[in-house]
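So the chains spell out like this:
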Amino acid sequence: MKRVAVLGSTGSVGSNVLEVIDTLKGRFKVVALSSNRNLRLLKSQVEKFAPRYASFLDENKSREFSKMVSTSK
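Keep in mind that this is a model prediction, so the values were computed, not measured.

K.L.:
Run through the pattern of salt bridges, naming residues and quoting values.
P.N.:
Tallying each qualifying case throughout the model produces three salt bridges. For D22, the salt bridge identified is with K48, shortest N-O distance 3.0 Å. You can see D22 sitting in helix α1 (residues 12-23) and its partner K48 sitting in helix α2 (residues 39-49), a full 26 residues away along the chain. Classification of K48 as exposed rests on a relative accessible area of 52%. Sharing partners across several salt bridges, the network here consists of D22, K25 and K48.

Structure, rendered in structure tokens:
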């Protein structure tokens, strides 16, 4: 199984990459995702692919995302 980090996972290219990975179940493991600003979509991607790492370019968005994820558990 190949391990994959998708930078810009909430953009059009990143979202398409994740769709392809999803169709090839068992061949890839998503280990990291990053986003510029789309909190909700990254949260959804984290729930679906369970990467070890998720990050935002913007530090304030990163803190907001951490709060979103910790309250949804």
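K.L.:
Describe the side chain of S35, and please don't skip the residues or the numbers.
P.N.:
Assignment of secondary structure puts S35 in strand β2 (residues 28-35). Residue class for S35 comes out buried when judged on its relative accessible area of 5%. A distance of 2.9 Å separates polar atoms of two side chains, one belonging to S35 and the other to T10.

The rules behind the values
- Residues numbered from 1 in each chain as written.
- Predicted model: local features only at pLDDT ≥ 70, side-chain atom pairs only at ≥ 80, totals over all residues.
- Heavy atoms only, no water.
- Salt bridge = Lys/Arg side-chain N within 4 Å of Asp/Glu carboxyl O.
- Helix = DSSP H or I, 4+ residues; strand = E, 2+ residues; numbered from the N terminus.
- Buried < 20%, exposed > 50% of the residue type's maximum accessible area, 1.4 Å probe, protein only.
- Polar contact = N/O pair within 3.5 Å; in protein donor to acceptor, adjacent residues only side chain to side chain.

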